[in-house]
Amino acid sequence: MIKLFKNLTKKDLSIIGIVVLLIVFSVFLDLRMPEYMSKITKLVQTEDSTLQDILTAGFHMVLCAVGSLICAITTGFFTSLLSANFSKTIRRKIFEKVESFGIAEIKKFSTSSLITRTTNDVTQIEMLLSMGLHLLIKSPVMAVWALLKIIGKSGELSLVTAIGVVLIVITNLTIIRIVSPRFAIIQRLTDKINGTTRENITGIRVVHAFNAEKFLQKRFNTVNEELSGTHLTITKTFALMDPMMNFVMHFQHLGIYVVGAYMIMNSSMTDKINIFSNMVVFSSYGMQVIISFLMLTMIFMIYPRAQVSANRINEVLESDVSVKSGSFHGDTEERGTVEFKDVSFKYPDADEYLLKHISFKAEQGETVAFIGSTGSGKSTLINLIPRLYDATDGEVFVDGVNVKEYELKELNNRIGYIPQTAFMFTGTVEENVAYGENGKQKPSLEKVKEAVEVAQGKDFVEKMDHAYQSHIARGGTNVSGGQKQRLSIARAIARDPEIYIFDDSFSALDYQTDAKLRKELKKYTKEATSMIVAQRIGTIMNADKIIVLDKGECVGIGTHKELLKTCEVYKEIALSQLSEEELENA
Amino acid sequence: MPRPEKQEKAKDFKGTMIRLFQSLEQWRYLLVIASTLALIAAALSTVAPNKLSDVTDVISDGMKPNTENIGIISQEISQNILENYTKYKMTKNQPVEITSKEDSMELLEEFNNLTPQEKQYVLKPIRIQDKNISVQDQIEFVEASLSLKEEMSNEEMIQVLDEYPESIKSLIEPKMDQKELHKRVLILGIIYLLNAIFVYIEGRMMAYVGIGYAKKLRKNISEKINRLPLKYFDTHETGDVLSRVTNDADTIGINMSDNITSFVTNVTLFVGSIIMMFVTNWMMALTAIGASILGFIGSFFLLKKSQKYFVERQEQLGNLNGHIEEIYSGHNVVKAYNGEKKALEEFDEINNKLFNCNRKSQFLSGIMQPIMIFVGNFGYVAVCVVGALLVMNNMTSFGTIVAFMIYIRLFTNPLSRIAQAMTTMQSIAAAAERVYEFMDEKELSEESHLKEKIDKKEAKGNIEFKNVRFGYDPNKTIIKDFSASVKSGEKIAIVGPTGAGKTTMVNLLMKFYEITDGDILIDGKSIKELSRENIHDLFIMVLQDTWLFEGTIRENLKFNKKQVSDEEIWNICKTVGVDHFIKTLPGGLDSMVGDNDSISSGQKQLLTIARGMIEDEPFLILDEATSNVDTRTEELVQKAMDKLTEGRTSFIIAHRLSTIKNANLILVMNEGNIVEQGTHEELLKKNGFYAKLYNSQFQK
């Protein structure tokens with residue numbers, strides 16, 4: 001928490017300073033009020049006081065109340081400014097940090113967790129600041145000050161007040177102790193109930209097909225019972241809070257009166273009036289003390305949750321970014337070449353290498369394909385080129401320069417990367433295709449149309465309601481998987497890269513479209529180098545170089561024909577997809 | 001502090017609330033009892049200040065000196081002095097003549113100037129109200145009394161009274177009515193105690209109602225899911241249904257238990273405190289109400305205004321969430337295309353908007369409380385001043401003022417609470433409406449009247465399509481007049497490019513959707529005459545998305561089937577080729593299958609095949625796609641699939657050439673339609689869509 005609050009600027013700190021002063025002043029005013037109250041009480045009590053006296057005292061009290069109101073409004077203004085501003089700053093910091101992350105860091109946290117960290121967790125901190133700051137400053141100041149006011153005035157009445165405070169604190173702490181661990185359970189059970197419902201919906205066809213409706217219902221009911229049971233315990237415990245608070249406060253009030261009455265009975269007449277006004281003062285100051293302790297316990301409620309959030313935020317902010325930008329930008333001697341020199345890779349925490357001693361070179365204009373079973377490391381391999389990961393050992397060169405030396409932007413300008421799962425942004429088709437920066441001009445509509453045509457998307461895009469200006473919904477839900485993939489390829493084409501990286505980007509296309517696209521692309525980008533990861537033999541059969549990977553090792557490099565003869569693994573893969581005869585004919 | 005989380009408004013507030021209350025039927029006794037308790041508790045709270053003022057009155061009455069006795073005593077004593085002093089003087093032959101009050105005052109002062117011995121000699125002890133007052137005491141009284149002066153303050157006078165000798169003091173000292181005090185304290189104590197107990201019991205009861213209702217809603221929604229036609233899920237997002245199960249049900253459950261009784265309590269408090277105020281003292285009641293009205297108007301205005309910003313805040317939070325989700329999940333694209341700057345710019349824009357409404361909504365809602373406190377204080381002073389005025393004119397007692405000090409609080413608090421309760425009611429209504437909307441969705445057709453049944457043990461395995469017509473959209477028929485006859489044990493391959501509508505056939509066969517026209521006959525019986533349950537009993541379905549639920553492998557394999565021995569499971573696992581893999585898992589059949597664990601998608605696929613095999617039914621629907629499966633597992637999967645098709649009439653969404661070639665019938669689909677049908681050779685000869693599709697995989 002403290003670490004997070006180091007992000008407060010000097011301006012924020014001075015605002016906090018002002019808030020502290022304002023709160024101290026308002027506590028001063030708040031505590032003056034019972035004095036005026038008792039003065040008014042006394043004046044009303046004594047028979048020959050004039051109305052003028054009461055009016056004066058009343059006027060002073062209203063003045064105090066107005067002052068306190070102004071203080072509260074100003075405090076509210078500053079705390080809302082402070083907390084809203086702080087949450088804005090933190091949110092931006094997290095967002096910026098996440099943008100600088102590589103895939104490794106994103107995977108470490110998981111996307112959904114990063115989203116909650118940027119939104120919900122920040123909101124928790126914001127709540128702590130906007131409500132807690134006020135409480136945190138006000139309650140101790142008020143408690144101490146109010147105590148000072150009553151201490152020494154009457155030991156007996158102080159004792160009654162103390163008993164009230166102790167009772168309140170004990171009740172509250174007990175309730176918090178019962179309730180807070182259950183909140184965590186609720187969180188878990190809510191996830192679970194979400195999970196079982198999601199299961200039922202995503203598997204609705206299977207559920208129906210197996211007549212398993214009742215089976216799933218039973219599973220749901222178990223979780224539902226458990227969730228409702230925990231909810232009930234919490235609500236029942238909370239049901240105790242309100243009546244208990246009121247009861248203690250009222251009884252404290254009553255106790256002060258009873259004790260006061262006996263003290264009055266046993267004192268001289270001069271003391272009687274003093275004790276009586278003390279009694280009135282105590283009943284209101286005692287209330288203030290109790291309220292301030294109540295506020296303190298409320299912080300105990302907010303703080304632990306905010307603490308958890310703060311830790312989660314700090315984890316993101318302090319996480320090291322593994323991929324750091326270099327400084328090289330400018331011309332290179334080679335163009336369109338990619339070279340791996342004895343590259344090995346493993347995840348930072350893993351024991352085993354995912355890639356072992358990979359070396360090859362792709363020349364300008366060549367198509368290099370990677371094939372192998374899942375987990376053979378082919379996706380990881382090409383992810384090393386745009387530095388989504390960095391090689392653990394060995395070096396990767398693009399255009400003859402080590403990728404680590406490039407300024408990231410410069411490196412990305414040379415590359416057209418098409419990820420495994422096509423990703424669409426909210427916006428028009430044109431915006432999606434023309435996405436990003438490549439150090440050159442933004443692609444024109446002409447260029448976009450050209451790219452879409454090459455990517456075999458012209459037909460469906462032009463059939464859409466507003467063609468290139470058609471809106472793509474969040475996550476691209478209004479276009480099919482194959483359409484998304486074609487648009488995502490068009491996005492790379494519109495960039496005019498030297499090197500294309502296709503990370504299994506043809507999987508959602510049918511054979512026909514796949515073949516046509518590759519043919520058109522080859523025509524359109526004679527100069528460009530293509531690196532293709534694929535599952536289908538058909539997709540890569542005609543590559544200039546096929547690199548066969550097995551368990552992270554390169555077990556064969558060559559053309560389709562060569563590999564069929566020399567590489568056992570390749571042959572096995574090929575045969576699982578096509579018959580011998582078909583392979584021959586191809 | 002009103003900090004409503006959701007500001008959604010129900011479209012039909014009244015209707016929804018009526019329905020909500022109707023559906024609380026089963027808890028009506030609890031509800032009535034709880035509301036009654038809340039009402040009594042609130043009534044007790046409004047009576048309490050009055051009782052407190054009684055206690056205060058007893059105490060303050062017990063502080064007033066007995067002025068009557070002071071008069072009696074001074075009269076008696078001066079009488080005594082005058083009498084004896086006159087006698088004394090007479091004995092000394094000093095004539096005394098008392099004709100006026102001045103004369104007696106003179107005489108008293110004269111007496112006071114005597115020496116103590118003389119005084120002692122002159123006076124005689126007297127008896128007032130059974131108390132002997134010695135000569136010495138009388139002398140002291142006179143001395144003290146003579147020091148009283150007109151211009152003395154009240155306090156100074158009381159100090160003088162304190163100097164009176166004990167015997168006299170005991171007569172004039174204030175007497176508190178202890179019995180009365182005890183009685184009143186006891187009554188008040190009981191009121192407070194009962195109030196607390198009632199509120200607690202009421203709270204617990206409402207917890208049962210609220211939580212119970214939420215539980216019931218969740219259960220109803222969950223049951224409803226399985227009664228809805230598949231069309232619903234094909235057109236609605238999963239997240240939407242999920243949020244009804246969790247968020248909406250919780251909003252209703254948690255808020256309702258607080259709200260119904262809070263509403264009852266606060267309305268009672270509000271009305272009760274107004275009544276009690278008027279009963280106690282109408283002038284002060286008017287003062288209290290008048291003093292607070294301005295504050296109320298102000299805070300309602302603020303509440304309205306802050307709500308606007310809350311709505312906006314919710315909206316901006318949604319926008320921000322959307323943007324973040326987009327950028328984070330498209331992270332690799334954003335990076336690879338240098339899109340960070342644009343993303344940050346957009347983020348800043350939304351973040352700034354959020355900042356603004358955040359600040360405003362927080363500020364406005366934050367100052368509500370201080371304003372109410374101010375209203376309370378202002379009312380307090382007004383009540384005190386007016387009350388003092390009345391006390392001075394003997395029109396009311398001090399206790400009334402004390403009571404009003406509390407009424408002012410009782411009166412200002414409920415109004416803001418009622419306003420709060422109203423906003424929460426709004427969000428309850430909005431949530432309830434969403435749940436009811438879901439509950440009102442059209443369900444699958446009722447089938448209890450269907451009499452036909454096919455026993456799966458006796459099923460032959462013939463299927464006939466007779467002029468089948470179908471369209472998801474009634475105006476857009478996609479399957480036009482499709483006829484085909486499938487004999488027992490035959491394989492039907494369904495092929496076509498992505499998005500060609502291959503799952504439509506699955507939907508029709510499984511009666512997930514009902515055909516528009518024509519008929520499908522299973523062993524000669526129309527599926528229109530068979531219940532869905534019966535049809536599902538005849539089909540094994542293995543789909544591309546390898547759906548498994550969170551549970552052990554055994555649970556997943558057995559699934560809905562009750563009696564399956566471990567031996568049978570192992571046998572089938574061996575057939576499918578997944579036995580070795582299960583054995584390598586630490587828990588064997590008891591290993592958990594979850595979302596993200598060590599079981600690869602290929603292995604999951606094997607498990608779903610095994611699950612189908614355990615079900616063992618005469619027909620099979622199989623989606624062959626094995627994307628993202630490594631080659632070795634793929635081989636296993638294919639072998640298992642081939643085993644599964646043995647002896648079953650199978651509909652296969654085909655991806656493998658071997659399947660396509662061996663199929664007895666190939667249905668070629670494109671853009672939702674069946675464009676061609678026939679065997680592999682026939683279709684190749686036709687040189688149409690199928691031929692193109694088939695050859696494309698060998699293209700250079």
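What counts as what
- Residues numbered from 1 in each chain as written.
- Chains lettered and ligands numbered in written order.
- Predicted model: local features only at pLDDT ≥ 70, side-chain atom pairs only at ≥ 80, totals over all residues.
- Helix = DSSP H or I, 4+ residues; strand = E, 2+ residues; numbered from the N terminus.
- Buried ≥ 20, exposed ≤ 12 C-beta atoms within 10 Å, placed from the backbone.
- Contact = placed C-beta atoms within 7 Å.
- Rg over C-alpha atoms; globule rule 2.2 N^0.38 Å.
- Core = buried A, V, L, I, M, F, W, Y, C linked by C-beta atoms within 7 Å.
- pLDDT = per-residue confidence, 0-100.
- Nonpolar A, V, L, I, M, F, W, Y, C, P; charged D, E, K, R; others polar.
- Axes fitted to C-alpha atoms, helices over the stretch in contact; angles between N-to-C directions.
- Parallel < 35°, antiparallel > 145°, perpendicular 65-115°, else oblique.
- Left-handed = near helix turned anticlockwise from the far one by under 90°.
- Pairing = 2+ DSSP bridges.

Engineer: I would appreciate a short explanation of the overall build of chain A in the present structure.
Structural biologist: What chain A contains, in helices and strands, is 21 helices and twelve strands. Judged by the C-alpha coordinates and their principal axes, chain A covers about 120 × 60 × 50 Å. When burial is assessed residue by residue, chain A has 47% of its 586 residues classed as buried. For chain A, the proportion of contacts with a sequence separation of at least 24, taken over those separated by at least 6, is 78%.

Engineer: Honestly, the overall build of chain B in this entry has me stumped. Any pointers?
Structural biologist: When you go through chain B residue by residue, the secondary structure sums to 26 helices and 14 strands. Its C-alpha atoms give chain B a radius of gyration of 47 Å, clearly above 27 Å, the size a compact globule of 700 residues would have. By principal-axis analysis of the C-alpha atoms, chain B measures approximately 165 × 60 × 50 Å. Out of the 700 residues in chain B, the part that is buried amounts to 41%. Taking all contacts inside chain B whose residues are at least 6 apart in sequence as the whole, residues at least 24 apart take part in 80%.

Engineer: Looking at this structure, how should I read the nonpolar core?
Structural biologist: Side chains of a nonpolar character, in soluble globular proteins, are inclined to be buried together. Membership of the largest hydrophobic core comes to 323 residues, with the highest contact counts inside it found for Met531 of chain A together with Val383 and Ile494 of chain B. With 19 residues, the top contributor of residues to this core is helix α9 (residues 178-225) of chain B. Discounting chain neighbours no more than four positions away, the residues touching Met531 of chain A are Val338, Ala362, Val368, Ile382, Ile385, Ile499, Tyr500, Ile501 and Phe502 of chain A. One finds Tyr85, Val122, Phe141 and Tyr164 of chain B within the second-largest nonpolar core, a separate group that totals 14 residues.

Engineer: Sorry, what's going on with unusual backbone geometry here?
Structural biologist: Glycine aside, negative phi is the norm for most residues, and most peptide bonds take the trans geometry. Non-glycine residue Asp399 of chain A carries a positive phi angle of around 55 degrees. Secondary-structure assignment places Asp399 of chain A in the loop between β4 (393-398) and β5 (401-402). Note on Asp399 of chain A: 21 C-beta atoms within 10 Å, which makes it buried. Look at Asp523 of chain B: it is not a glycine, yet its phi comes out positive at around 50 degrees. Within the secondary structure, Asp523 of chain B sits in the loop between β6 (517-522) and β7 (525-526).

Engineer: I keep staring at the confidence of the model for chain A and nothing clicks. Help me out?
Structural biologist: Should the pLDDT be low somewhere, the predicted coordinates at that spot are not to be read in detail. The share of residues in chain A with pLDDT of 70 or more is 95%, and the mean pLDDT across the chain is 80. Of all the helices and strands in chain A, helix α21 (residues 580-585) of chain A carries the lowest mean pLDDT, 60, while helix α9 (residues 213-265) of chain A carries the highest, 87.

Engineer: Can you walk me through the interface of chain B and chain A in this structure?
Structural biologist: Reports often express the size of an interface as the amount of accessible area lost when the parts come together. Taken together, the 122 residues of chain B in the interface contact 129 residues of chain A. The residue inventory of the side of chain B that touches chain A, partitioned by class, reads 63 nonpolar, 37 polar and 22 charged.

Engineer: Looking at this model, I keep getting lost on the packing of α9 of chain A against α9 of chain B. Mind explaining?
Structural biologist: Working note: a packed helix pair is described by the angle between its axes plus the distance between those axes. Where α9 of chain A meets α9 of chain B, the axes come as close as 9 Å, and the angle between the chain directions of the two elements is 165 degrees. In terms of their interaxial angle, α9 of chain A and α9 of chain B are classed as roughly antiparallel. In this structure, the crossing between α9 of chain A and α9 of chain B has a hand that is right-handed. A class-by-class count of the residues in the contact of α9 of chain A with α9 of chain B yields 21 nonpolar, twelve polar and seven charged.

Engineer: Just checking my understanding: could you explain the sheet that holds β7 of chain B for this structure?
Structural biologist: Within a beta sheet, neighbouring strands are joined by backbone hydrogen bonds and run either parallel or antiparallel to one another. Residues and elements named next belong to chain B. Spatial strand order, β4-β3-β6-β7: four strands in an open sheet with antiparallel pairing. Either end of the sheet is taken by a strand with one partner, and the two such strands are β4 (479-486) and β7. Alignment of strand β3 (residues 463-470) against β4, held across five bridges, turns out to be antiparallel. Counted as the bridge partner of Phe465 is Ala484 from β4.

Engineer: Please explain the sheet that holds strand β5 (residues 491-495) of chain B as it appears in this structure.
Structural biologist: Residues and elements named next belong to chain B. Read from one edge of the open sheet, six strands run β8-β11-β12-β5-β13-β14, paired in mixed fashion. Lying at the two open borders of the sheet, with one neighbouring strand each, are β8 (539-542) and β14 (673-678). The mean inter-strand angle of the sheet, taken between neighbouring strand axes irrespective of direction, is 15 degrees. Examined bridge by bridge, strand β13 (residues 665-670) and β14 share five bridges and lie antiparallel to one another. Looking at β14, one finds that Leu667 is bridged to Gln677. Together, β5, β11 (619-623), β12 (649-653) and β13 form the strand contacts of helix α17 (residues 502-509), whose direction differs from that of β12 by roughly 150 degrees.

Engineer: Please explain the environment of Glu345 of chain B as it appears in this structure.
Structural biologist: Inspection of the secondary structure assignment puts Glu345 of chain B in helix α14 (residues 340-366). Distance in space between the C-alpha atoms of Glu345 of chain B and Asn556 of chain B is 48 Å, their sequence separation being 211 residues.

Engineer: Is there a simple way to explain the packing of helix α7 (residues 155-202) of chain A against α9 of chain A in this structure?
Structural biologist: Residue and element names in this part refer to chain A. Two numbers describe how α7 lies on α9: the axes approach to 9 Å, and their chain directions differ by 170 degrees. The angle between α7 and α9 places the two elements in the roughly antiparallel class. Among the residues making up the contact of α7 with α9, the classes are represented as 25 nonpolar, 15 polar and five charged.

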